[in-house]
Amino acid sequence: VTAARGGRKLVLAVIDALAPAALERAVAEGRAPTLAALMRHGEYVDDCISTFPSLTPVAASAITTGLGPDEHLVPSMNWYHRGEERYVEYGSSFPATRAFGVFRSLQDTVYNMNLAHLAHDRRTVFEQLDDAGLRTACTTYLIYRGRHRHEPAVTRYTRLAEAAQFRHAVWGPRELFYADLFDSRATGCSSTLGMPGQRDRHAGCVGAHLVENDLFDFLLLSLPDNDTWSHRHGPDAQPASIVEADRALERVVHAAGGVEAFLDEHAVVVMSDHSQSPVTSVVNLAEHLGNWRVLTPSDVAPEEAELAVCPGARSGMVYVLDPDRRDRMVPLLAERLGAVEGIDLVAWRTDGAGPDGAGEAVVRTLAGELRFAPGGDRVDERGERWSVEGDLAGLDLRDQDGLLLDGDYPDALGRLWSAIACRRAGDLLLSAAPGFELVDWGGAHHLGGGSHGSLHRCDSHGVLLACGVGSGLERSRPWHVRDVTPMIVDGFGITS
Ligand SMILES: [Zn+2]
């Protein structure tokens, strides 16, 4: 039963870390013919705003729920779980994964992110479409939660998967293809255990099979290899990995007889989750907090620790472990962290100081201090109201008769507030200056390559390209990655 409006199906292709300038270059050089054809047929936006932190788990949760981290509750790539008194690590790097235990990191990424951490009381795009009786499908994506039960796949990797304790069933879309762990039907496509460089090919193979056999109304086609390539070689090298993403897309549209024939039956959205910027210097956050006892991975005396420190590429979070010391320690930590070279801004929340006792956010940068809270007489570019005091220059904001215009930090107030108001976030949030990256808990970084995570536009502006979706992309306020799920649900004629 195809319930899509006009019988039209929809493919959402997420190209991880796709930088608008790199896409435009790949297209101009004739290296991405399918994306070029989609750009000719659709509408293109080069400044779709990511979440803060501009990291894949946070942005993927926003893309699939239509919510910011304050509501979807996935705060970063690495965070401290106060309830379980431990770090959660979603795979910043293989050394970081090893530092926290490979099995535990995989369990957190594959199972817990979807089934435990992502807000239970809000519906993903899959759940909303499943509830409406539509046929949903997804290739290996961090967020896959839907209404259909999937047992782990039986493959030649079964013994390895069993060793890693991937024995549990999950709730996913109707068709779920997650590395080789979940395979809702035989497609003849192998993912070789989700190895980088092979994943786009797997997605293209599965996508083509699903199109050929008319197996979905909504498909999330995940193309993650561009991010890995760009981390290693820098964002300027992205055209080479965009070629691979384009090939996967080509395979999918080819199954319907080419771009034109494909667009007769499908609407298409292609988007980034975030962008990337070059890394020229690295910072080790824990080294700058030597006055305090920092909780380490596999700490032998966790009860002695005063702080949990969570590097998230070009962002970071610090948690004060004793709640009674929080109010005293936060200003001291802000002062210390603000003085570290490469830390662009430090932000935290004060309880009860803002309007209605709801608390306000404090942001400290080299340009000064700024305090803000929701509600008030100033309006940002997305139409949200704020009360703001202090130095607007700190966030590169301009006040034009009460309208706050963004500079280097897209949707600065909205994204910072959503990050700070997330109940799982640290007591202090950091954003790195352009060029800087924080070393992760495995000692890994991308010096000489690329990274992301900051509030700055160099990580935050991504691609949004839409063909045949609802009323299109024309509007006065800037697009945000969390606008995509409402647009899709609306396109299917469902009221959420
Ligand atoms: Zn990345």
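Residues numbered from 1 in each chain as written. Predicted model: local features only at pLDDT ≥ 70, side-chain atom pairs only at ≥ 80, totals over all residues. Heavy atoms only, no water.

## A word on the packing of aromatic side chains
The cut-off we apply is this: Paired rings are identified among Phe, Tyr and Trp, the last through its six-membered ring, by centres lying within 6.5 Å, and are further divided according to the angle between planes into stacked (under 30 degrees), edge-to-face (over 60) and tilted (the rest). Secondary structure follows DSSP: runs of H or I at least 4 residues long count as helices, runs of E at least 2 residues long count as strands, and numbering of each begins at the N terminus. Burial here depends on accessible area, computed with a 1.4 Å probe over protein chains only, as a share of the maximum for the residue type. Under 20% is buried, over 50% is exposed, and the range in between is partly exposed. We count a charge as sitting over a ring when the NZ of a lysine or the CZ of an arginine lies within 6 Å of the ring centre and within 35 degrees of the ring normal.
Under the counting rule described, the total for this entry stands at 9 aromatic pairs. Ring plane angle 80° and centroid distance 5.5 Å describe the contact between Tyr-144 and Tyr-178, whose orientation is recorded as edge-to-face. In this pair, Tyr-144 sits in the loop between strand S5 (136-139) and strand S6 (148-150) while Tyr-178 sits in strand S8 (residues 175-178), placing the two residues 34 residues apart along the sequence. Pair check on accessibility: Tyr-144 and Tyr-178 agree, each one buried. Geometry around Trp-479 places Arg-475 over its ring, the cationic atom sitting 3.7 Å from the centre.

## Considering the packing of helix H2 (residues 33-41) against helix H11 (residues 238-254)
Inclusion rule: Helix axes are fitted only over the stretch in contact, all axes being lines through C-alpha atoms; the angle between N-to-C directions runs from 0 to 180 degrees. Angle categories are assigned with fixed cut-offs, so that under 35 degrees is roughly parallel, over 145 is roughly antiparallel, 65 to 115 is roughly perpendicular, and the rest are oblique. Working rule for contacts: check all heavy atoms of both residues, and any pair within 4.5 Å makes them a contact.
At their nearest, the axes of H2 and H11 sit 7 Å apart, and the two run at 70° to each other. Taken together, H2 and H11 sit at an angle that is classed as roughly perpendicular. For the pair H2 and H11, contact is made by Pro-33, Thr-34 and Leu-35 and by Ile-242, Asp-246, Leu-249, Glu-250 and Val-253, respectively.

## Structural notes on the sheet that holds strand S10 (residues 218-223)
Counted only if it meets this: The rule for pairing is simple: two strands pair if DSSP sees at least two bridges between them.
Within the open sheet, the 8 strands sit side by side as S2-S25-S11-S1-S10-S5-S8-S9. Their pairing is mixed. Unpaired on one side and paired on the other, strand S2 (43-49) and strand S9 (182-183) mark the two borders of the sheet. Here S5 pairs with S8 via 3 bridges, running parallel. Among the inter-strand pairings, Cys-138 is bridged to a residue of S8, identified as Leu-176. Of the strands in this sheet, strand S1 (9-15), S10, strand S11 (266-271) and strand S25 (461-467) touch helix H16 (residues 484-491), which is tilted by about 165° from S1.

## A few points about the confidence of the model for the chain
Going by this rule: A residue's pLDDT is the predictor's confidence in that residue, given on a scale from 0 to 100.
In this model, the chain carries a mean pLDDT of 93, and residues with pLDDT of at least 70 account for 94%. Confidence drops under a pLDDT of 50 for residues 1-5, and excluding neighbours within four residues, the segment shows 16 contacts in the predicted structure.

## Some remarks on the state of the cysteines
Applied cut-off: Here, the term disulfide refers to a pair of cysteine sulfur atoms separated by no more than 2.5 Å.
In this structure the tally under the stated criterion is 1 disulfide. With no disulfide of its own, Cys-48 lies 15 Å from the sulfur of Cys-467, the closest cysteine sulfur. The class for Cys-48 is buried, based on a relative accessible area of 2%. Considering cysteine sulfurs only, Cys-310 is the nearest to Cys-422, which forms no disulfide, with 12 Å between them. Taking the relative accessible area as the measure of exposure, Cys-422 reaches 3% and is therefore buried.

## Things to note about the coordination of the zinc ion
Cut-off, in case you're wondering: Each metal site lists N, O and S donors within 2.8 Å (3.2 Å for Na, K and Ca). With water left out of the atoms, a site can look as if it is missing ligands.
The coordination sphere of the zinc ion contains the protein donors Asp-227 (OD), Asp-227 (OD), His-231 (NE2) and His-452 (NE2), at a distance range of 2.1 to 2.5 Å. Look at His-231 and you get buried, because its relative accessible area is 14%.

## Looking at the side chain of His-72
Mapped onto the elements of the fold, His-72 is located in helix H4 (residues 69-72). Once you skip the residues sitting within four places of it in the chain, His-72 turns out to touch Val-58, Ser-61, Ala-62, Thr-65, Leu-67, His-117, Leu-118 and Ala-119.

## Some words on the packing of helix H1 (residues 20-28) against H11
Our working rule: Three categories are distinguished: nonpolar for Ala, Val, Leu, Ile, Met, Phe, Trp, Tyr, Cys and Pro, charged for Asp, Glu, Lys and Arg, and polar for the others, with Gly belonging to the last.
Remark: H1 packs on H11, axes separated minimally by 9 Å, with the N-to-C direction vectors making an angle of 70°. By the angle between their directions, the pair H1 and H11 is classed as roughly perpendicular. Seen from H1, the contacting residues are Ala-22, Leu-23, Arg-25 and Ala-26; seen from H11, they are Gln-238, Pro-239 and Ile-242. Taken together, the residues of the contact of H1 with H11 sort by class into 5 nonpolar, 1 polar and 1 charged.

## Topic: empty space enclosed by the protein
In plain terms, the rule: The pocket and cavity definitions rest on a 1 Å grid over protein atoms only: a 1.4 Å probe that fits but cannot leave marks a cavity, an open set with protein on both sides within 12 Å along at least five of seven lines marks a pocket, and residues lining either have an atom within 4 Å of a point. Grid points are joined across faces, edges and corners, and a volume is the space filled by probe spheres set on the points.
Scanning the entire structure with this criterion turns up 2 cavities of 30 Å³ or more. A volume near 40 Å³ is recorded for the second largest cavity. Every residue along the wall of the second largest cavity is listed here: Val-11, Leu-38, Leu-249, Val-252, Val-253, Phe-262 and Val-268. When residues of the lining of the second largest cavity are assigned to their parent elements, the largest contribution, 3 residues, is made by H11. Its residues assigned to classes, the lining of the second largest cavity shows 7 nonpolar, no polar and no charged.

## Points about the nonpolar core
Our working rule: Nonpolar core, defined: a set of buried Ala, Val, Leu, Ile, Met, Phe, Trp, Tyr and Cys residues in which side-chain atoms within 4.5 Å join the residues together.
Of all hydrophobic cores here, the largest spans 115 residues; its most connected members are Leu-12, Phe-218, Leu-307, Phe-372 and Leu-395. Residue contacts for Phe-218: discarding those within four places in its chain leaves Leu-10, Leu-12, Val-125, Phe-126, Leu-129, Arg-135, Thr-136, Ala-137, Ile-488 and Phe-492. Core analysis: the next-biggest nonpolar cluster, separate from the first, contains 40 residues, Ala-137, Phe-177, Leu-221 and Val-270 among them.

## Quick word on the pairing of strand S15 (residues 315-320)
Counting buried positions along S15 yields 6 of 6 residues, so the element is predominantly enclosed. Of the two faces of S15, the one carrying Ser-315, Met-317 and Tyr-319 and the one carrying Gly-316, Val-318 and Val-320 are both buried. The pairing of strand S14 (residues 307-312) with S15 spans 6 bridges and is antiparallel. By the bridge assignment for S15, Cys-310 is matched with Met-317. Between S14 and the antiparallel strand that follows it, S15, lie 2 residues; Ala-313 among them carries a positive phi value of about 55°. In this structure, S15 lies alongside strand S22 (residues 428-432), joined through 4 bridges in antiparallel fashion. When the bridges of S22 are listed, Ser-315 appears paired with Ser-431.

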